[in-house]
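# Structure assessment
Here's the letter readout for the chains.
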Amino acid sequence: MTGTTGSAGAAGAPGSSGTAGTASAVPAVRVPKRRGTELALIVLAVLFSVYGYCDVGLAKNGSVPPGAAGYGAGLGVLALLAHFAVRFRAPYADPLLLPIAVLLNGLGLVLIYRLDLETEGSEAAPTQLVWSTLGVGLFILFVVFLRDHRVLQRYAYLSVVSALILMILPIFFPAVNGARIWIQIGSFSIQPGEFAKILLAIFFASYLAANRNALRYTGKKVWRFQFPTMRVFAPILVIWLLSVGVLVLETDLGTSLLFFGLFIVMLYVATGRGSWIAIGLVLAAVGAVLVGSFEPHVHSRVEDWLNPFASIDAGQGASQLAQSLFAFAWGGMLGTGLGMGHSILIGFAAKSDFILATAGEELGLVGLTAIFLLYALLVERGYRAGLALRDPFGRLLAIGLASIVALQVFVIAGGVMGLIPLTGMAMPFLAQGGSSLVTNWIIIAILVRISDSARGALLTEDAMEAAK
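The structure displayed is predicted, hence computed values, not measured ones.

Across all of its chains, the model carries eleven salt bridges by this definition. In this structure, R114 engages E362 in a salt bridge whose closest nitrogen and oxygen atoms are separated by 2.4 Å. Of this pair, R114 sits in helix 5 (residues 97-116) while E362 sits in helix 15 (residues 355-388); the two residues are 248 residues apart in sequence, bridging distant segments of the chain. We classify R114 as buried; its relative accessible area is 0%. Exposure remark for E362: the relative accessible area of 2% places this residue in the buried category. Here K351 and D116 are joined by a salt bridge, their closest N and O atoms 2.6 Å apart. Highlighted residues: K351 in the loop between helix 14 (320-331) and helix 15 and D116 in helix 5, separated in sequence by 235 residues. Several salt bridges share partner residues, and in doing so they unite K60, R114, E118 and E362 into one network.

Structure follows, in structure tokens:
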């Protein structure tokens, strides 16, 4: 016993007991925060964006755009303010989340500015920069004042009520391009469903975290599938059905598909049962066939997807989807170069639903692959942060928010490339649309806060182990 005590004392600091030595040794272990890495990546992201802005001006007018300095300064100041908020309030946060968001946001501004030059009187890029400012401002507020992501769990039912109200409101406003998803007052418009997706993710994460054991181990088993009891499963099923039902009434099938996918993914993560994926795919297929057969707006999109060149054969010119496919084909491997494409022929949705076609035409397959890799890395870092947490709510929330981004990219990219019918959603950070841009910045802010908690806990544990 004496020898053991002596060994413990020797392992600690000299002249102290083993416990005291361990405690005094903990601060001596250097814990990397990676804020310098983040800053360097942000600088590169801003420089790439400014280079793209200048390249568009040189290609179109033979000179650097007069607003290049202001654009670079504006984007740079926003990025630095966001970085300093992370540096001082979330020092252990993942160093890749913010730079990826800055780069995608900057590239989106470049593409919108490039399309503005083809649209007389259009100033969508300055408006998008204003929305970017609001989005980064909310990012900073969330990082500074949301000290613990677990606080959001207290507002689960307030979140779901707010989400349902936000989704119902557009029903009382006129339809825009066949869908009732906008609240429009004068020249100001907002898409409430974009904010509802975050609120529903918070509710799903809270409810599933509290009832995950009941969902996993109770209920009846039918063949290879085990179903939870309706007492536990009914509340979340009712909320999901209400949200999707409202969106179907608004003919916003893209967001309906997003919410359905979010629901299934989070249910699978909470229970660990792969049967939910199979059930979800079957239900999605049945719902798609029914809605695509009987809803005229959706049916027309399905018909266009099945035969995108029918309008050309009929002598009516190329449809939006056909023009998008032509843009991707014309881009080839390396693209035509920024400012040298013709994706504006797509029409009014070139800056929103089809902005990925501009990227594909002018940046080529190489540039498009780089964009998809950025999204994949963003989603992967969100999953990594969630899986590193020990609290079920934080894990489910991080995976849910990252899945929102992944599902959006899949649905939009699949639509404009002709893999699935068009759904009318905004590409995260790239497309024109203030509501989408702001909500995606909020998603990044929450993921930053979650990754700070996860990475800080892991690094602290490593420091304690190294100090023993």
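In this section: the environment of L107. For L107, the location among the structural elements is in helix 5. Given a relative accessible area of 18%, L107 falls into the buried group. Put simply, L107 and G52 are 55 residues apart on the chain and 7.5 Å apart in space, counted from C-alpha to C-alpha. Setting aside residues up to four positions removed in sequence, L107 forms contacts with S49, L363, I371 and L430.

With that settled, the discussion passes to the nonpolar core. A general trend in soluble globular proteins is that nonpolar side chains are found buried together. Counting residues in hydrophobic clusters, the biggest one holds 124 residues, and the most contacted among them are F139, F204 and L397. With residues up to four places along the chain from it excluded, the contact list for L397 reads L152, A201, I202, A205, I446 and I450.

Next up on the list: the environment of L430. Note that L430 resides in the loop between helix 16 (392-416) and helix 17 (434-467). The class for L430 is buried, based on a relative accessible area of 0%. Sequence separation of L430 and I112 is 318 residues, and the distance between their C-alpha atoms is 8.3 Å.

Looking at the protein as a whole, the pLDDT averages 83, with 86% of positions reaching at least 70. Counted against residues more than four places away or in other chains, residues 1-29, with its pLDDT under 50, gives 15 contacts.

Let us now look at the packing of helix 4 (residues 68-89) against helix 5. Orientation of helix 4 relative to helix 5, taken along the N-to-C sense of each, is 160 degrees, at an axis distance of 11 Å. Between helix 4 and helix 5, the crossing angle belongs to the class labelled roughly antiparallel. For the element pair helix 4 and helix 5, the recorded crossing hand is right-handed. Taking contact as the criterion, the partners of Y71, L75, A79, A82, H83 and V86 in helix 4 are, on helix 5, L98, V102, G106, L109 and V110. Among the residues making up the contact of helix 4 with helix 5, the classes are represented as nine nonpolar, two polar and no charged.

Time to look at the packing of aromatic side chains. Tallied over the entire structure, the rule returns ten aromatic pairs. Look at Y53 and Y71: their rings are 4.5 Å apart centre to centre, the planes differ by 10 degrees, and that puts the pair in the stacked class. Here Y53, found in helix 3 (residues 35-61), pairs with Y71, found in helix 4; they are 18 residues apart in sequence, far enough to count as distant. Taken individually, Y53 and Y71 each receive the classification buried, so the pair is uniform in this respect. Their ring planes at 75 degrees and their centres at 5.6 Å tell us that F139 and W441 sit as a pair that is edge-to-face. Of this pair, F139 sits in helix 6 (residues 124-145) while W441 is found in helix 17, placing the two residues 302 residues apart along the sequence. F139 gets classed as buried once you look at its relative accessible area, which sits at 0%.

It is worth spelling out helix 10 (residues 253-271) at this point. Between its first and last C-alpha, helix 10 extends 27 Å over 19 residues, near the 27 Å set by a 1.5 Å rise per residue. With its phi angle positive at about 75 degrees, G272 sits one or two positions after the end of helix 10.

With that out of the way, let us pick up the side chain of S206. With respect to the secondary-structure elements, S206 resides in helix 8 (residues 192-217). With residues near it in sequence (within four places) discarded, S206 still touches Q153, A156 and F393.

A positive phi angle is found at R34, which is not glycine, with a value near 65 degrees. Here R34 shows up in the loop between helix 2 (18-25) and helix 3. Using a relative accessible area of 45% as the deciding quantity, one classes R34 as partly exposed. Backbone geometry at F429 places phi at a positive 75 degrees, although glycine is not the residue there. Judged by its relative accessible area of 2%, F429 is buried.

Next up on the list: the environment of S451. Looking at where S451 falls in the secondary structure, it is placed in helix 17. In sequence terms S451 and Y383 are 68 residues apart; their C-alpha atoms lie 9.6 Å from each other.

Here the focus is helix 16. With 25 residues, helix 16 extends 36 Å from end C-alpha to end C-alpha; this agrees with the ideal 36 Å at 1.5 Å per step. Here helix 16 lies mainly inside the structure; 21 of its 25 residues are buried. G418 sits one or two residues past helix 16 and shows a positive phi near 80 degrees.

Moving on: the side chain of D452. Locating D452 in the fold gives a position in helix 17. Of the residues examined, D452 reaches a relative accessible area of 11% and is grouped as buried. For D452, the side chain forms a polar contact with the side chain of R449, separated by 3.0 Å.

What counts, and where the lines are drawn
- Residues numbered from 1 in each chain as written.
- Predicted model: local features only at pLDDT ≥ 70, side-chain atom pairs only at ≥ 80, totals over all residues.
- Heavy atoms only, no water.
- Salt bridge = Lys/Arg side-chain N within 4 Å of Asp/Glu carboxyl O.
- Helix = DSSP H or I, 4+ residues; strand = E, 2+ residues; numbered from the N terminus.
- Buried < 20%, exposed > 50% of the residue type's maximum accessible area, 1.4 Å probe, protein only.
- Contact = heavy atoms within 4.5 Å.
- Core = buried A, V, L, I, M, F, W, Y, C linked by side-chain atoms within 4.5 Å.
- pLDDT = per-residue confidence, 0-100.
- Axes fitted to C-alpha atoms, helices over the stretch in contact; angles between N-to-C directions.
- Parallel < 35°, antiparallel > 145°, perpendicular 65-115°, else oblique.
- Left-handed = near helix turned anticlockwise from the far one by under 90°.
- Nonpolar A, V, L, I, M, F, W, Y, C, P; charged D, E, K, R; others polar.
- Phe/Tyr/Trp six-rings, centres within 6.5 Å; stacked < 30°, edge-to-face > 60°.
- Expected span 1.5 Å × (residues − 1).
- Polar contact = N/O pair within 3.5 Å; in protein donor to acceptor, adjacent residues only side chain to side chain.

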